[in-house]
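Structural description and commentary
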Amino acid sequence: MGTYAAVVLAGGAARRMGGVDKPALPVGGLSMRDRVLAAVGDAAPRVLVGPGDDVPDGVRVTREDPPGGGPVAATAAGLALLDPDTTLVALLAADLPLLTRAAIGDLLTHLNPAGDGVCFVDADGRRQSLCGVWRVAALRAGLARLATERGGSLAGAPVRGLLAGLAVREVPWAGDGPPPWFDCDTHEDVRRAEEWVR
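About the thresholds
Residues take numbers from 1 onward in each chain, read along the sequence in its written order. Predicted model: local features are reported for residues with pLDDT of at least 70 only, side-chain atom pairs are reported and counted for 80 or more only, and whole-chain, interface and lining totals are derived from all residues. Excluding hydrogens and water, the side-chain figures rest on all heavy atoms present in the structure. Where helices and strands are cited, they refer to DSSP runs of H or I of at least four residues and of E of at least two residues respectively, numbered from the N terminus. We compute the radius of gyration over the C-alpha atoms and compare it with the globule rule, which gives 2.2 Å times the number of residues raised to the power 0.38. Note on exposure labels: buried denotes an accessible area under 20% of the residue type's maximum, exposed denotes more than 50%, and partly exposed covers the range between, all computed with a 1.4 Å probe on protein chains only. Contacts were defined at the residue level, with two residues in contact if any of their heavy atoms lie within 4.5 Å. Under the convention used here, a 1.4 Å probe and the Shrake-Rupley method define accessible areas, while residue burial counts only the protein chains that appear. Cysteine sulfur atoms are paired as a disulfide whenever they fall within 2.5 Å. The salt bridge definition used is simple: a Lys or Arg side-chain nitrogen within 4 Å of an Asp or Glu carboxyl oxygen. When DSSP finds two or more bridges between a pair of strands, those strands are recorded as paired. Only the stretch in contact is used when fitting a helix axis, every axis being a line fitted to C-alpha atoms; angles between N-to-C directions are given from 0 to 180 degrees. Here the expected length of a helix is defined as 1.5 Å per residue gap, with one fewer gap than residues. What the arc covers is the set of directions going from the helix axis to the C-beta atoms.

Quick word on the overall build of the protein
Scanning the protein for helices and strands turns up six helices and nine strands. Over its C-alpha atoms the protein spans a radius of gyration of 16 Å, differing by no more than 12% from the 16 Å that the globule rule assigns to 198 residues. Projecting the C-alpha coordinates of the protein onto the three principal axes gives extents of approximately 45 × 35 × 35 Å. Considering the protein as a whole, with its 198 residues, one finds that 48% of them fall into the buried category. For the protein, restricting intrachain contacts to residue pairs at least 6 apart in sequence, the fraction spanning at least 24 positions comes to 64%. When the accessible surface of the protein is split by element, carbon and sulfur atoms take 51% of a total near 9200 Å².

A closer look at the state of the cysteines
A full pass over the atoms with the stated rule returns zero disulfides. As a non-bridged cysteine, cysteine 119 has cysteine 131 as the owner of its nearest cysteine sulfur, 8.3 Å distant. For cysteine 119, a relative accessible area of 0% corresponds to the buried category. With relative accessibility at 1%, the residue cysteine 131 sits in the buried group.

Some words on the pattern of salt bridges
If you walk through the whole model with that rule in mind, you get 11 salt bridges. A salt bridge links aspartate 83 to arginine 60; the shortest N-O distance between them is 3.1 Å. Of this pair, aspartate 83 sits in the loop between helix 2 (71-79) and strand 6 (88-93) while arginine 60 is found in strand 5 (residues 59-62), placing the two residues 23 residues apart along the sequence. Residue classification places aspartate 83 among the partly exposed positions, given a relative accessible area of 28%. Through salt bridges with shared partners, a single network forms among Lys22, Asp95 and Asp185.

With respect to the sheet that holds strand 8 (residues 127-135)
What the seven strands build is an open sheet, ordered 5-4-1-6-8-7-9; its pairing is mixed. The open sheet terminates on both sides in strands that have one partner only, identified here as strand 5 and strand 9 (168-172). Taken over all neighbouring pairs, the strand axes of this sheet differ in orientation by 25° on average, direction set aside. As paired elements, strand 1 (residues 5-9) and strand 4 (residues 46-49) share four bridges and run parallel to each other. Bridging across to strand 4, valine 7 finds its partner in valine 47. Sheet contacts for helix 4 (residues 136-149): strand 6 and strand 8; angle to strand 8, the most-contacted strand, approximately 115°.

Here's the deal with the pairing of strand 8
Pairing of strand 6 with strand 8 involves five bridges; the strand directions are antiparallel. Across the sheet, leucine 91 pairs through a bridge with glycine 132, a residue of strand 8. In this structure, strand 7 (residues 117-121) lies alongside strand 8, joined through five bridges in antiparallel fashion. The residue of strand 8 that forms the bridge with cysteine 119 is glycine 132. In this antiparallel pair of consecutive strands, strand 7 and strand 8, the connection spans five residues, and glycine 125 shows a positive phi of 85°.

Some words on helix 4
An ideal rise of 1.5 Å per residue puts 20 Å on 14 residues; helix 4 measures up with 20 Å between its terminal C-alpha atoms. Every buried residue belonging to helix 4 is among Val136, Ala138, Leu139, Gly142, Leu143 and Leu146, and all of these are buried. Down the axis of helix 4, the buried set is contained in an arc of 160°. They therefore lie on one face. Projecting away from the buried face of helix 4 at angles above 90 degrees are the exposed residues Ala137 and Thr148. Packed against the buried residues of helix 4 are helix 2, strand 6, strand 8 and helix 5 (159-163). Where helix 4 ends, the next residue or the one after it, glycine 151, has phi of about 70°, a positive value.

Shape is all these values report; function is a separate question.
Written out as structure tokens, the structure is:
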């Protein structure tokens, strides 16, 4: 499967949860952010884009410009901290408490040699773009295109705009247990995740 890096996006406003630091909320005794970082424990480097309080050792931390500028701006900030020879990156939301190393391995295995990336799709066929593995060059090209289209600003740009035109392989979850792309947007979601990890 080769080596890969990981960029974990943790800078969202969590408006549906009253503006709390959502990735810091615990699930099964560990913050969602740290659960995601643990799932990519073999990635090098691991980059966290968002608040950097008490991050695990070895994790590089940065913030998007402007802070709260959205996932595309955060992606740009995270890619800027990768080593120059990095070719693959797992791009992940920080609110995926059910993500596992096995799920990341599944994505890496399904990456098409001629493709730009791979991500999970849910049972309704919705692409889970922030639970995927991407070629760094393809993401950087998408960022450059978007920046040109938007007058230099990536703040508020949609992820679908970043990935437009990329050759993406979509993979349904076929493993044991709950779907790794399950994200926690509400307190009820956090409660469901707690039940799954018991």
